[in-house]
Every structure is written in C-alpha cells, then in structure tokens.
Amino acid sequence: MVVAQARTADEVETIRVLCERILQELIEAEAIDVTCWLRPDAHTSPQRILCHTYGRGKDQHIPVPGWPYSIICALEPGRSSWTAPLDALRLTPGDDTPPS
C-alpha cells in the first residue's frame, strides 16, 4: 500500500500505471471509500477537520475532529470479503471542495 502526503509527478504516474494494470489483468472491480481516523483529543495535530459520525450519542450525529482517509481497494470477483488495498491518501482541509 502506498501512503504519502506529497508525491512527485513520476510517483503519481507510476502508481496510476500499476493500479491500472492490476485492475485490468487481475481484478474485476474496485471500491473507493473515505473513512475517518477520529482524533478528538489531539488538539495540536495538524490539519484535523470535522468528520461526520453516526450514533455517538442517542440518535445524534456529532462532528468529531479527525483525519479522513480516501482508500482505494481491489475487490475479488464473486461473494468474498477479500480486498487488496491499492492506495490511501489522507485528505486535508479543502480537498473535498470543487475548484472554483
């Protein structure tokens, strides 16, 4: 799994080519998800944002500070829980807003 914040253009292209080959030759499907690593007590941690959570109180959806990660996984065909993480990237404030 490749996890990094800053990547050069060559690294990004290498990752793209590798993922494309894996998905074309071996894997029939891929999944993309964003999951949060909640860090409510890490007051000095950089670039925390409010992550939406479910059920942290009685029928409450409370935003909790944390780091969201975007994860791409390859899925095995058929009925299986097998996955192969291909890439993960920590999202920073503003990454989820469209360019203006």
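Because the structure is a prediction, the values reported are computed rather than measured.

S.K.: Just checking my understanding: could you explain the packing of aromatic side chains for this structure?
M.R.: Remark: the centre distance and the inter-plane angle together describe each pair of aromatic rings, the angle taken between the planes. With the rule as written, the count across this model stands at one aromatic pair. Between Trp37 and Trp67, the ring centres sit 5.1 Å apart and the planes meet at 65 degrees, which makes this aromatic pair edge-to-face. Here Trp37 is found in strand β2 (residues 29–38), whereas its partner Trp67 is found in strand β4 (residues 63–75), with 30 residues between them in sequence. For Trp37, a relative accessible area of 42% translates into the label partly exposed. Its end group placed over the ring of Trp37, Arg39 keeps NZ or CZ at 5.0 Å from the ring centre. One cation-aromatic arrangement involves Arg90 over Trp67; the distance from NZ or CZ to the ring centre is 4.7 Å.

Conventions used here
Residues numbered from 1 in each chain as written. Predicted model: local features only at pLDDT ≥ 70, side-chain atom pairs only at ≥ 80, totals over all residues. Heavy atoms only, no water. Phe/Tyr/Trp six-rings, centres within 6.5 Å; stacked < 30°, edge-to-face > 60°. Helix = DSSP H or I, 4+ residues; strand = E, 2+ residues; numbered from the N terminus. Buried < 20%, exposed > 50% of the residue type's maximum accessible area, 1.4 Å probe, protein only. Lys NZ or Arg CZ within 6 Å of the ring centre and 35° of its normal.

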